[in-house]
Each structure stands twice: as C-alpha cells, then as structure tokens.
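What follows is each chain in one-letter form.
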Amino acid sequence: MEKFVERLKELRLERGLSKEQVSKDTGLSRSAISLWEAGKRVPNAEAVVVLAKYFEVTTDFLLGVDN
C-alpha cells in the first residue's frame, strides 16, 4: 500500500486540496484520509473506488498496480 499512500497525497496536493476538502467532496472522513496518507490504515475497496472517481484516475493507478 506504499504506492497508494504516495499517490493519494500526490493527487491531493497537485490539485491544491486540503484533506478537509476531499472529505467534504467525497463523503469520506477527514481522519480516514489522514490515516491513509500516513500509511497507518488501509482503505476498503469502496473508498478506493470513490477516491479514484474523485481524482479521475483508475483504481489500478491509485493502488500502484499501473502507471
């Protein structure tokens, strides 16, 4: 999940978004986003799909399976 951690943070920062804004826009909790970015928690499949759609990337890209 190391690649997920990197890509989530990278996508958020590239777009100039705060964790709070991503939370508000996606319905995912801010604390969950923080824990994912810190590598302390792993998102469930539903959250990965929500984030991929939000950032307009594939789930494979977000998870580090594909470039």
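Residues numbered from 1 in each chain as written. Predicted model: local features only at pLDDT ≥ 70, side-chain atom pairs only at ≥ 80, totals over all residues. Heavy atoms only, no water.

Caption draft 1: Highlighting the pattern of salt bridges. Summed over all chains, the structure comprises five salt bridges. Between Lys3 and Glu6 there is a salt bridge, and its shortest N-O distance comes to 3.6 Å. In this pair, Lys3 and Glu6 both sit in helix H1 (residues 2-14), three residues apart, roughly one turn of the helix. Residues Glu20 and Arg30 are paired through a salt bridge, measuring 2.7 Å at the closest nitrogen-oxygen approach. Highlighted residues: Glu20 in helix H2 (residues 19-26) and Arg30 in helix H3 (residues 30-37), separated in sequence by ten residues. Judged by its relative accessible area of 37%, Arg30 falls in the partly exposed class. (Salt bridge = Lys/Arg side-chain N within 4 Å of Asp/Glu carboxyl O. Helix = DSSP H or I, 4+ residues; strand = E, 2+ residues; numbered from the N terminus. Buried < 20%, exposed > 50% of the residue type's maximum accessible area, 1.4 Å probe, protein only.)

Caption draft 2: Representation of the nonpolar core in the model. Counting 16 residues, the largest nonpolar core has Trp36, Leu51, Phe55 and Leu62 as its most contacted members. Listed by contribution, the elements that provide at least two residues to this core are H1, H3, helix H4 (45-55) and helix H5 (59-63). With five residues, H4 is the largest single contributor of residues to this core. Apart from residues no more than four positions distant in its own chain, Leu51 is found in contact with Phe4, Leu8, Val22, Leu28, Trp36 and Leu62. (Core = buried A, V, L, I, M, F, W, Y, C linked by side-chain atoms within 4.5 Å. Contact = heavy atoms within 4.5 Å.)

Caption draft 3: Summary view of the packing of aromatic side chains. In the structure shown here, the tally under the stated rule is one aromatic pair. Relative to Phe55, the ring of Tyr54 has its centre 4.9 Å away and its plane inclined at 75 degrees; by these criteria the two rings are edge-to-face. Residue classification places Tyr54 among the partly exposed residues on the basis of a relative accessible area of 24%. Under the relative-accessibility criterion, Phe55 is labelled buried at 1%. One cation-aromatic arrangement involves Arg7 over Phe61; the distance from NZ or CZ to the ring centre is 4.1 Å. (Phe/Tyr/Trp six-rings, centres within 6.5 Å; stacked < 30°, edge-to-face > 60°. Lys NZ or Arg CZ within 6 Å of the ring centre and 35° of its normal.)

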